[in-house]
Amino acid sequence: MTSTNGEAPRVIRTLIADDQEAVRRGVRRILTAQPDIEVVGEAADGLAAWELAAELRPDVALVDIRMPRMDGLELTRRLAGPGAAEPVRVVVLTTFDLDEYVYPALRHGASGFLLKRSGPSLLAEAVRAAADGESLISPSVTVRLLRQVTEPRRPERRRSAPVVPLTEREVEIAGHVAAGRTNADIAAQLFISPGTVKTHVASIQRKLGVANRVGIAVHAWEMGWADAR
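Predicted, not measured: the structure shown is a model, and the values here were computed from it.

A. Representation of the packing of aromatic side chains. Taken as a whole and judged by the stated rule, the model has zero aromatic pairs. Here the basic side chain of R78 rests over the ring of W50, its NZ or CZ set 5.5 Å away from the ring centre.

B. Summary view of the environment of R213. The topology assignment puts R213 in helix 10 (residues 213-223). Overall, the relative accessible area of 12% leaves R213 in the buried class. Each C-alpha atom of the pair R213 and L136 lies 6.9 Å from the other, and the pair is 77 residues apart in sequence. Among all residues touching R213, those that are not within four sequence positions of it are S135, L136, V177, R181, T182, N183, I186, V201 and Q205.

C. Representation of the pattern of salt bridges within the structure. Per the counting criterion, the structure on display carries 14 salt bridges. We note a salt bridge from E74 to R77, for which the minimum N-O separation is 2.6 Å. One end of the pair, E74, and the other, R77, are both in helix 3 (residues 72-80), three residues apart, so they sit about a helical turn from each other. Take E74: its relative accessible area is 25%, and that puts it in the partly exposed class.

D. Summary view of unusual backbone geometry. At R57, a position not held by glycine, the phi torsion is positive, near 50°. Tracing the sequence through the fold places R57 in the loop between helix 2 (46-56) and strand 3 (60-63). Using a relative accessible area of 30% as the deciding quantity, one classes R57 as partly exposed. Phi at F191 is positive, roughly 60°, even though this residue is not glycine.

E. Representation of empty space enclosed by the protein in the model. Taken as a whole and assessed by the stated rule, the structure comprises two cavities of 30 Å³ or more. Approximately 30 Å³ is the volume found for the second largest cavity. As for the second largest cavity, its lining consists of I16, A17, D18, V27, L62, V63, D64 and L93. Among the secondary structure elements, those contributing two or more residues to the lining of the second largest cavity are strand 1 (12-17) and strand 3. For the lining of the second largest cavity, the per-class residue count stands at six nonpolar, no polar and two charged.

Scoring rules and cut-offs
Residues numbered from 1 in each chain as written. Predicted model: local features only at pLDDT ≥ 70, side-chain atom pairs only at ≥ 80, totals over all residues. Heavy atoms only, no water. Phe/Tyr/Trp six-rings, centres within 6.5 Å; stacked < 30°, edge-to-face > 60°. Lys NZ or Arg CZ within 6 Å of the ring centre and 35° of its normal. Helix = DSSP H or I, 4+ residues; strand = E, 2+ residues; numbered from the N terminus. Buried < 20%, exposed > 50% of the residue type's maximum accessible area, 1.4 Å probe, protein only. Contact = heavy atoms within 4.5 Å. Salt bridge = Lys/Arg side-chain N within 4 Å of Asp/Glu carboxyl O. 1 Å grid on protein atoms, 1.4 Å probe; cavity = no way out; pocket = protein on both sides within 12 Å on 5 of 7 lines; lining within 4 Å. Points joined across faces, edges and corners; volume = space filled by probe spheres on them. Nonpolar A, V, L, I, M, F, W, Y, C, P; charged D, E, K, R; others polar.

Structural data, given as structure tokens:
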């Protein structure tokens, strides 16, 4: 199969690391149903995943937090942290949304943080976002973290303008991001394509000088754009 421009379509090579066989099997089933995602390997513990990643060089690794021999946080640091010689994009996929896991995972370079109860579409979107150098975090985790981050800030900061003004549409989309909605959710609500949402999100990140959707959402909460959502 080729793309419309005659080139072979991108296939995202993905590694799954989870100590539960049933979880690995379920994630594999979801991902292999996507035409642009290929599961190239599975590992039942962190050390095996580290070794497989060195051998297979996947584009994205889906990593559980609690695994034997090496936990997901250390694996994330080795694969995606500042010291990684050949970084691999990591999406943390876990049952637990505890702050003691979320913050270290993001600090260690994770490109996403999803709960295992997230739906198939969100899982596939997270893999694609990571492959594109973007971030996707479970909406429930995002909203909770943002409230914690923005509550201590003084109210007057909410009225400060961004360094580069956003368009009316970008402000609207930033508000939806702050509410924890995915690109697909935003597209459905605004009657535009997910690709258009993705373009707007990239523009917002560039204008605000933030690295990911969490940065957009923090700004939106501070400005009050998400209060009514």
